[in-house]
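Structure assessment
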Amino acid sequence: MAHDVQITFDCSDPAGLAAFWAEVLGYRLQDPPAGFESWERALAAMGVPPQRRNDASALVDPEGSGPRLFFQRVPEPKQAKNRVHLDVRAAPGRTGEARMAALEAEAERLVAHGATRLQRHEPAPPLGAGHLVLADPEGNEFCLD
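So, here is what we can say about the structure in this document. (Residues numbered from 1 in each chain as written. Predicted model: local features only at pLDDT ≥ 70, side-chain atom pairs only at ≥ 80, totals over all residues. Heavy atoms only, no water.)

1. A word on helix H1 (residues 14-25)
Taking 1.5 Å as the rise per residue, H1 with twelve residues should run 16 Å; its terminal C-alpha atoms sit 16 Å apart, in good agreement. Listed in full, the buried residues belonging to H1 are Pro 14, Leu 17, Ala 18, Phe 20, Trp 21, Ala 22 and Val 24. The elements touched by buried residues of H1 are strand S1 (6-11), strand S3 (56-60), strand S4 (68-73), strand S5 (86-88), helix H3 (96-111) and strand S8 (141-144). Among the residues trailing H1, Gly 26 stands out with phi positive, at a value near 75°. (Helix = DSSP H or I, 4+ residues; strand = E, 2+ residues; numbered from the N terminus. Expected span 1.5 Å × (residues − 1). Buried < 20%, exposed > 50% of the residue type's maximum accessible area, 1.4 Å probe, protein only. Contact = heavy atoms within 4.5 Å.)

2. Some thoughts on H3
Given a rise of 1.5 Å per residue, 16 residues ought to cover 22 Å, and the 22 Å separating the end C-alpha atoms of H3 matches this to within 8%. Along H3, the residues classified as buried are Arg 99, Met 100, Ala 102, Leu 103, Glu 106, Ala 107 and Leu 110. One side of H3 carries all its buried residues, which in axial view fall inside an arc of 160°. The outward face of H3, more than 90 degrees from its buried face, is lined by the exposed residues Glu 97 and Glu 108. (Arc of directions from axis to C-beta.)

3. Quick look at the pattern of salt bridges
Applying the stated criterion across every chain yields a total of 13 salt bridges. A salt bridge links Arg 28 to Asp 31, with the nearest nitrogen and oxygen atoms 3.2 Å apart. Between Arg 109 and Glu 106 there is a salt bridge, with its nearest N and O atoms 2.8 Å apart. Taken together, the residues span about one helical turn, with Arg 109 and Glu 106 both in helix H3 at a distance of three residues. Assessed through its relative accessible area of 16%, Glu 106 is described here as buried. (Salt bridge = Lys/Arg side-chain N within 4 Å of Asp/Glu carboxyl O.)

Just distances and angles here, no functional claims.
Spelled out as structure tokens, the structure:
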């Protein structure tokens with residue numbers, strides 16, 4: 001039996017990091033509970049104090065096929081390299097310079113939204129197609145592949 005998967009990010013600013021990853025992946029903020037027009041109204045009705053309303057955020061794939069992304073506030077900052085990371089498939093079917101140009105264009109777009117560029121790995125056939133390593137606004141590494 002297959003299980004649904006949720007990917008969870010520990011972070012200091014759940015709403016801000018969710019906005020960044022929504023831009024990267026084309027995801028959208030999860031709808032508020034039924035009967036509420038916004039999360040702000042839902043959280044107020046639940047009695048969540050204003051200073052706790054950015055404790056969590058969630059994104060969903062608008063097509064319903066990708067995993068839910070959950071962002072939860074934690075007190076400590078990121079301290080070491082990620083052991084698990086996302087590969088964002090930004091140049092499917094492309095090879096060589098066309099692939100790297102597409103990855104560079106996407107990296108430029110994401111840097112404008114708060115990403116940091118870390119490394120470029122050139123194509124090294126037969127197995128290495130080339131990729132870029134970036135970090136999100138809180139330092140979590142991910143690859144444009």
